Amino acid sequence: MIKNLVEELRWRGMLHDTMPGTEEHLNEKMRSAYVGFDPTADSLHIGNLVPIMLLAHLQRSGHTPVALVGGATGMIGDPSGKSSERNLLDEETLRHNQECVKNQLSQFLDFKSGKENDAVLVNNYDWMKEISFLEFIRDVGKHITVNYMMAKDSVKNRISGEGTEGMSFTEFTYQLVQGYDFYHLFDTMECTLQMGGSDQWGNITTGTELVRRKGGGKAYAITCPLITKSDGSKFGKSEGGNIWLDAKRTSPYKFYQYWLNTSDEDAEKYIKIFTFLDKAEIDSIIEDHKEAPHLRVLQKSLAKEVTTTVHSKEEYENAVAASEVLFGKSTADDFRKLNEATFLDIFEGVPQAEVAMSDIDAGLDMIAALSAKTGFLNSNGEARRALKENSVSVNKAKVKEDYTITTSDLINGKYVILNKGKKNTYIIQAK
């Protein structure tokens, strides 16, 4: 059954521009539509989530999603929104990146359910590598005028921008190559719609023009708004750089924290864009949040949905447990449930000291643990005072001077958490 995709995108705030007739075209019957992904890294990041969600909603509306990995265009570089040319990659690297991207897309798209609208992954290098330069300028280039190409914002901005080195012929031809992708998919797969960010409108419409002039057909376009943050900072970035979908690049804990720490204004917008919750569920969550903003129901719901979809329910629960650790509500058992990567993420930047495993095996007394063996406190006297004041904890449990740290205290077989008061945390690492 076909559902109204444009209507779905509209209430979610995911519709920037549509070509006239697109909604009617999609409502008639099952269609194929594509989105292009840049394969210059072996992981997508959360900036790619909007186009991924476009394809996911397309499939859920009864249409066929085509994910195009730009192996050929990745060798050129899209000038849209950029002030300089990108580094070019070899074919082996691009193929590896393509496989990684497909694995991440499969969290959102169904590639093998056996249904008529299973998702398809294609790489434009597979058809572009067969075309010679002379063939391309004869069969494709003649259909699009230089005047048409020069009128695109992505070209004008690069040529007229201050401090720019101009634009290479390679980059100038990018819109022709992307336009040919649309024509090729139209010709071979009856793909009639391309979707992407609003900065892609110029490239997409070059494709619809090529479909019209070379293929004698009609093609359509949908773009979504570029995501911004209410405070003006860039969406998808943290102090450490991009927030990646690959757990090796950005841990599920840090991923979860990114969404959990969004502002009320942003969370209300993001929960519509980045989750599959329906309108009634979202409206209810927003209402609950407004009644008690301090509980951060909105942020918690957003972080849960996105982390579960990108990683897994288990990784989401692990991230929640890790978050509880920071707020002092957890026990040594909670720490032991954390994997080492998450444990290290939580205590990133916390002072650490190495202690020989043989000292732990023999039993490490608290004075030595706080001072002589680690230097956490300046002297044995300071260590004794802290213990007498009942301000010292081992793995969040208060201890006295007679406590001995043993192997049973080790988290992940190697770590012990010491606290002096609420604000001073130290980590012992047994080696």
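All residue numbers refer to position in the chain's written sequence, counted from 1. Given that the model is predicted, a residue must reach a pLDDT of at least 70 before its local features are reported, and side-chain atom pairs must reach 80 or more before they are shown or counted; all residues, however, enter totals for whole chains, interfaces and linings. Values reported for side chains reflect all heavy atoms of the structure, with hydrogen atoms and water molecules removed beforehand.

1. Quick notes on the overall build of the protein chain
For clarity, the threshold we go by: Note on conventions: DSSP H or I runs of at least 4 residues are helices, E runs of at least 2 residues are strands, and numbering of each starts at the N terminus. Think of it in three bands: residues with accessible area under 20% of the maximum for their type are buried, residues over 50% are exposed, and the middle band is partly exposed, with areas taken using a 1.4 Å probe on protein chains only. Only four residue types enter the charge count: Lys and Arg as positive, Asp and Glu as negative, with His and the chain ends excluded. Working definition for charges: the position is that of NZ of Lys, CZ of Arg, CG of Asp or CD of Glu.
When helices and strands are tallied, the protein chain shows 21 helices and 15 strands. Principal-axis analysis of the C-alpha atoms places the extent of the protein chain at approximately 85 × 45 × 45 Å. In the protein chain, which comprises 431 residues, the share counted as buried stands at 50%. Side chains of the protein chain carry 51 positive and 62 negative charges; the gap between the two charge centres is 2 Å.

2. Observations concerning the UniProt feature "short sequence motif: 'HIGH' region" (unreviewed entry) in the protein chain
Applied cut-off: UniProt positions are given in the numbering used here, feature names are shortened, and annotations may be inferred rather than shown by experiment.
This chain's UniProt record puts "short sequence motif: 'HIGH' region" (unreviewed entry) on residues 39–48. Spanning residues 39–48, this segment combines 0% helix with 0% strand, and its end C-alpha atoms are found 11 Å apart.

3. What about the packing of helix α14 (residues 279–291) against helix α15 (residues 297–310)?
Let me state the cut-off plainly: An axis is simply a line fitted to the C-alpha atoms; with a helix, the fit covers only the stretch in contact. Between two such axes, the angle follows the N-to-C directions and lies from 0 to 180 degrees. For classification purposes, angles smaller than 35 degrees are called roughly parallel, those larger than 145 roughly antiparallel, those between 65 and 115 roughly perpendicular, and all remaining angles oblique. Contact criterion: two residues are considered in contact whenever any of their non-hydrogen atoms come within 4.5 Å of each other. Just so you know the grouping, Ala, Val, Leu, Ile, Met, Phe, Trp, Tyr, Cys and Pro go in nonpolar, Asp, Glu, Lys and Arg go in charged, and all remaining residues, Gly too, go in polar.
Close contact between α14 and α15 brings their axes to 8 Å; oriented N to C, the two are set at 140°. With respect to their mutual orientation, α14 and α15 come out oblique. Across the interface between the two elements, Ile285, Ile286, Asp288 and His289 from α14 touch Val297, Leu298, Gln299 and Ser301 from α15. Its residues assigned to classes, the contact of α14 with α15 shows four nonpolar, three polar and one charged.

4. Considering the pairing of strand β2 (residues 32–37)
Quick note on the threshold: Strands are labelled as partners when DSSP assigns at least two bridges between them. For the handedness criterion, the strands are oriented away from the viewer, and a crossover whose path from the first strand over the helix to the second runs clockwise is classed as right-handed.
Most of β2 sits out of view: five of its six residues are buried. Both β2 and strand β3 (residues 64–69) contribute to a ladder of six bridges, which runs parallel. Bridged to phenylalanine 37 within β3 is valine 69. Each parallel crossover has a hand, and the one from β2 via helix α3 (residues 49–60) to β3 is right-handed. Note that β2 and strand β5 (residues 191–197) share three bridges and pair parallel.

5. Focus: the nonpolar core
Applied cut-off: Only buried Ala, Val, Leu, Ile, Met, Phe, Trp, Tyr and Cys residues count toward a nonpolar core, and they belong to the same one when joined by side-chain atoms within 4.5 Å.
Counting residues in hydrophobic clusters, the biggest one holds 56 residues, and the most contacted among them are Ile46, Leu49, Leu105, Met195, Trp259 and Phe274. Tyr34, Ile144, Phe186 and Cys191 belong to the second largest nonpolar core, which has 29 residues in total.

6. Structural notes on the sheet that holds strand β6 (residues 220–224)
Ordered by their spatial adjacency, six strands build an open sheet running β1-β6-β5-β2-β3-β4, and the pairing between neighbours is mixed. Edge strands, defined here as strands with exactly one partner in the open sheet, are β1 (17–18) and β4 (120–123). On the sheet, α3 packs against β2, β3, β5 and β6 and is oriented at approximately 165° with respect to β2. Contacts from helix α11 (residues 201–215) reach β1, β5 and β6, with the element oriented near 170° to β6.

7. Observations regarding the domain arrangement of the protein chain
To keep things clear, this is the line we draw: Domain ranges listed in this record stem from an automatic or a database domain assignment. Buried area: the accessible area, evaluated with a 1.4 Å probe, that two parts lose upon being put together, summed over both parts.
One can read the domain layout of the protein chain as domain 1 (5–224), domain 2 (237–328) and domain 3 (346–430). For domain 1 versus domain 2, the separation of C-alpha centres amounts to 29 Å. Listed by partner, the interface residues are 20 residues for domain 1 and 23 residues for domain 2. Around 1800 Å² of area is buried between domain 1 and domain 2 when both sides are counted, 69% of it from carbon and sulfur atoms.

8. Some thoughts on the sheet that holds strand β14 (residues 415–420)
Read from one edge to the other, the open sheet built from five strands follows the order β9-β15-β14-β11-β12, with strand pairing classed as mixed. Every other strand in the sheet has two partners, leaving β9 (352–355) and β12 (397–398) as the edge strands with one partner each.

9. Quick look at the packing of aromatic side chains
Just so we agree on the cut-off: Pairing of aromatic rings covers Phe, Tyr and the six-membered ring of Trp, with a centre-to-centre limit of 6.5 Å; geometry is then stacked below 30 degrees between planes, edge-to-face above 60, and tilted otherwise. Criterion for a charge above a ring: Lys NZ or Arg CZ within 6 Å of the ring centre, and within 35 degrees of the ring normal.
As enumerated under the stated definition, the model contains 16 aromatic pairs in all. A centroid spacing of 5.4 Å and a plane angle of 10° characterise the contact between phenylalanine 235 and phenylalanine 274, whose relative ring orientation is stacked. One end of the pair, phenylalanine 235, is in the loop between β6 and β7 (237–238); the other, phenylalanine 274, is in the loop between α13 (264–273) and α14, and 39 residues separate them in sequence. Phenylalanine 274 matches phenylalanine 235 in its accessibility class, with the two residues each being buried. Following the ring pairs from residue to residue traces out a cluster consisting of Phe235, Phe255, Tyr258, Trp259, Tyr270 and Phe274. In this structure, arginine 60 packs its charged tip against the face of phenylalanine 276, placed 3.6 Å from the ring centre. A cation sits over an aromatic face here: arginine 249 above tryptophan 244, 4.2 Å from the ring centre.

10. Brief notes about the pattern of salt bridges
For clarity, the threshold we go by: A side-chain nitrogen of Lys or Arg and a carboxyl oxygen of Asp or Glu constitute a salt bridge if their distance falls within 4 Å.
By the definition in use, this model includes 15 salt bridges. A salt bridge links lysine 313 to glutamate 317, with the nearest nitrogen and oxygen atoms 3.7 Å apart. Remark: glutamate 317 and lysine 313 occur in helix α16 (residues 313–326); sequence separation between them is four residues, near one turn of the helix. Measuring nitrogen to oxygen at the nearest pair gives 3.7 Å for the salt bridge that ties glutamate 354 to lysine 431. Highlighted residues: glutamate 354 in strand β9 and lysine 431 in the segment after β15 (424–430), separated in sequence by 77 residues.

11. Some details on the side chain of glutamate 209
Stated precisely, the cut-off is as follows: Residues adjacent in sequence count toward polar contacts only when both atoms are side-chain atoms; beyond that, a polar contact is any pair of N or O atoms within 3.5 Å, and within protein one must be able to donate a hydrogen and the other to accept it.
By secondary structure assignment, the location of glutamate 209 is in helix α11. You can call glutamate 209 buried: its relative accessible area is 14%. Polar contacts involving the side chain of glutamate 209 include one to the side chain of arginine 212, which spans 2.7 Å.

12. Things to note about a nonpolar patch on the surface
Short version of the rule: For patch building, the residue pool is restricted to those with more than 30% relative accessible area and no salt bridge; the joining distance is 9 Å between like charges and 5 Å between nonpolar side chains (Val, Leu, Ile, Met, Phe, Trp, Tyr). Every accessible area reported is derived by Shrake-Rupley at a probe size of 1.4 Å, with residue values counting cover from the shown protein chains alone.
Judged by side-chain polarity, Phe133, Leu134, Ile137 and Phe169 come together as a nonpolar surface patch covering roughly 460 Å² of accessible area. Among the elements that take part in the nonpolar patch, helix α6 (residues 133–139) stands out by supplying three residues, more than any other. Here isoleucine 137 is to be found in helix α6.

13. Here we look at the confidence of the model for the protein chain
Here is the rule we go by: Values of pLDDT, the confidence the predictor places in each residue, fall between 0 and 100.
On average, residues of the protein chain score 88 in pLDDT, and 93% of them reach the 70 mark or higher. Residue range residues 81–85 is modelled with pLDDT below 50. Its contacts to residues more than four positions away, or to other chains, number 10 contacts.

14. Topic: the side chain of serine 61
Structurally, serine 61 is set in the loop between α3 and β3. Judged by relative accessible area, which is 4%, serine 61 ranks as buried. Those residues in contact with serine 61 that sit more than four places away from it in its chain are Met1, Ile2, Lys3 and Leu5.

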